[in-house]
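Structure assessment
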Amino acid sequence: MLLQFNFSNYRSFRSEASLGLTATGISELNSHIVEMGRDRVLPVAVLFGANASGKSNVYKAFAYMKDFVVNSFAYGGEMAERDEYPSPPRFAWTKESTDPALFEVYVVDHDTLRTMNYGFTLDDDGVVEEWLNEKAKSMRTARRVFYRSRNAEENEFTGFSAVQTRNVLSALDPKVLVVSVGNKLKIPKCSKVVGWFARCLTVDYGDPVENLQRCSTVSPQFETAEMQRRVLSFLSVFDKSIKGFTVEEIPGEQDGKGKAFHINALHQGIDSDDLVAIPLREESAGTIKLFSLYWSLIPALRNGNPLFIDEMNARLHPLLVRNLVLLFTDQELNPNHAQLIFTSHDTWHLANKSFRRDEIWFTAKNDSGESVLYSLADFKDEEGDKIRKDEDYEKNYLLGKYGAIPSLEQIQTVFPDYQRG
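Just so it is clear, the model here is predicted, and its values are computed rather than measured.

Let's shift gears to the side chain of Ser-53. Along the chain, Ser-53 falls in the loop between strand S5 (44-49) and helix H1 (55-71). For Ser-53, a relative accessible area of 4% corresponds to the buried category. Polar side-chain contacts of Ser-53 include one of 2.8 Å to the side chain of Thr-363. Those residues in contact with Ser-53 that sit more than four places away from it in its chain are Thr-363, Ala-364, Lys-365 and Ser-371.

A few words now on the packing of H1 against helix H5 (residues 188-199). A pair of packed helices can be characterised by two numbers: the angle between their axes and the separation between those axes. Here H1 crosses H5 at 130 degrees, and the two axes come no closer than 9 Å. On the basis of their axis angle, the class for H1 and H5 is oblique. Like other packed secondary-structure pairs, H1 and H5 cross with a definite hand, here left-handed. Facing Phe-62, Met-65, Lys-66, Val-69 and Val-70 of H1, the residues of H5 in contact are Val-194, Trp-196, Phe-197 and Ala-198.

Bringing the side chain of Asn-117 into the picture now. Considering the arrangement of structural elements, one finds Asn-117 in strand S7 (residues 115-123). A distance of 3.0 Å separates polar atoms of two side chains, one belonging to Asn-117 and the other to Glu-104. Here the side chain of Asn-117 touches Val-105 through a polar contact of 3.4 Å, landing on its backbone oxygen. Excluding residues within four positions of it along the chain, Asn-117 makes contact with Glu-104, Val-105, Tyr-106, Trp-131, Leu-132 and Asn-133.

Looking now at the pairing of strand S16 (residues 360-365). Counting buried residues in S16 gives 5 out of 6 residues, a clear majority hidden from the surface. With 4 bridges connecting them, S5 and S16 associate as parallel partners. Looking across to S16, one finds that Gly-49 is bridged to Thr-363. Pairing of S16 with strand S17 (residues 371-375) involves 5 bridges; the strand directions are antiparallel. Within S17, the position partnered with Lys-365 by the bridge is Ser-371. With antiparallel pairing between neighbouring strands as the criterion, S16 and S17 make up a hairpin whose turn holds 5 residues, including Gly-369 at a positive phi of roughly 85 degrees.

Moving on: the layout of surface pockets. Roughly 450 Å³ of volume is contained in the second largest pocket. In this structure, the second largest pocket is lined by 23 residues; those nearest its centre are Asp-109, His-110, Lys-192, Trp-196 and Arg-199. Where the lining of the second largest pocket is concerned, the elements lending two or more residues are strand S6 (101-108), S7, strand S8 (126-135) and H5. Top element by residues in the lining of the second largest pocket is H5. It accounts for 6 residues. For the lining of the second largest pocket, the residue count by class is 9 nonpolar, 7 polar and 7 charged.

The next point concerns the packing of helix H8 (residues 285-303) against helix H9 (residues 318-329). The interhelical angle for the contact between H8 and H9, taken along N-to-C directions, is 15 degrees, at an axis separation of 11 Å. It follows from the interaxial angle that H8 and H9 lie roughly parallel. At the point where H8 passes H9, the crossing takes the right-handed sense. Of H9, the residues touching H8 (which contributes Leu-290, Leu-293, Leu-297 and Leu-301) are Leu-320, Leu-324, Leu-327 and Phe-328.

Reading guide: rules and limits
Starting afresh in each chain, residues are numbered from 1 along the sequence in its written order. Residues qualify for local features only when their pLDDT is at least 70, as the model is predicted, and side-chain atom pairs are given and counted only at 80 or more; totals for whole chains, interfaces and linings, by contrast, use all residues. Computation of side-chain values: all heavy atoms of the structure, hydrogens and water removed. Only runs of H or I of at least four residues qualify as helices and only runs of E of at least two qualify as strands under DSSP, and these elements are numbered from the N terminus. Between buried and exposed lies partly exposed: a residue is buried under 20% and exposed over 50% of the maximum accessible area for its type, with that area taken using a 1.4 Å probe on protein chains only. Under the rule applied, a polar contact is a pair of N or O atoms within 3.5 Å (in protein, one hydrogen donor and one hydrogen acceptor; residues adjacent in sequence only if both atoms are side-chain atoms). By the convention used here, residues are in contact when the closest approach between their heavy atoms is within 4.5 Å. Here, axes are lines fitted to C-alpha atoms. For helices the fit covers the stretch in contact, and angles between N-to-C directions go from 0 to 180 degrees. For classification purposes, an angle smaller than 35 degrees is called roughly parallel, one larger than 145 roughly antiparallel, one from 65 to 115 roughly perpendicular, and anything else oblique. Each crossing gets its hand from how the near helix is turned against the far one by less than a right angle, where anticlockwise is left-handed and clockwise is right-handed. Strand pairing is defined by DSSP finding a minimum of two bridges between the two strands. As defined here, a cavity is a set of points on a 1 Å grid over the protein atoms alone where a 1.4 Å probe fits but cannot get out. A pocket is an open set with protein on both sides within 12 Å along at least five of seven lines, and residues line them when an atom is within 4 Å of a point. Grid points are joined across faces, edges and corners, and a volume is the space filled by probe spheres set on the points. Charged residues are taken to be Asp, Glu, Lys and Arg, nonpolar residues to be Ala, Val, Leu, Ile, Met, Phe, Trp, Tyr, Cys and Pro, and polar residues to be all remaining types, Gly included.

Note that every value here comes from positions in space, so none of it alone points to a role or purpose.
Shown next as structure tokens:
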């Protein structure tokens, strides 16, 4: 499970931001807490904030880290010569900065209860630093597996054998991560890191183009009657009008994730017992989104991995979203301890007290134009007091007590001039 995600100097975030999923000592919804050795971990986190406040950049930062870890091996050699290296989009509201971007995670393993701390810093020329530390359940302090620096004299590979170290260094490129090289060399500690990131899922469900694409590119297993039955069972919880599917493979089309299909949803005809086929792309935006959500939701719950979703509430009823959240917070429904981290504008989730205070996060811009990230559990009001659990979170948020809302006064000043023509 993800304990903490740290990043800095990325897009609208200049200073280090930290998204924590370790439970604080507050006393509400304790059924959400998952005990993992010495860690008390939360299964969900929801991010609120004004438009352009940085919510999506939290999602994008994790997506960037995941993609860089999984694909890093390709950025060396000929790829590097073709300028394929994805330089991190660093904070851009100041003059040219030479500071690197930071990405770091703390993760606890489900089976061994070992804690992993992995991270790296990047600039336009490649990897500046990279590190991996681990701590067994019985250990009080972490042990270094490796530390890699642009200054080779600072390198430490104490967790590798002499042969492993030699092989890694001989294949290492300035724009390639140690864990990616180690994974190719089948070094278990490196493969574990890359495997964890590969199983993490990041999806932008606010993008209608991406949702439509997912309606044609799905698992090849969707050709089977059993998989169609499972998808239909999932959709019927929210939309009972769909009675089945027809699936036809599109020859020669594939995007690397699966075959491409032409999919029809079957509906009951009004004037006959025959089923009417409607292209899935012509279904409602909500049905399309739910169909695309299945292919991320089920693997996350089955494998017990984090699922990051941007704009999860877009085109979905709040009660439907609440039921999806309950899949993660109910340990009987989520026995493998998958985690859901998503952005939202729907303040109804604040009103119904579905979340603990340490599961509610906000993004806002400070006076310097930098995004900041903070949780409701850590927030203090003007008197320096923390927020009580009996407060009306939705009302106080919309009144601006917690920050992270649009500046409506600025909007109001525009219209008199506009109306005068």
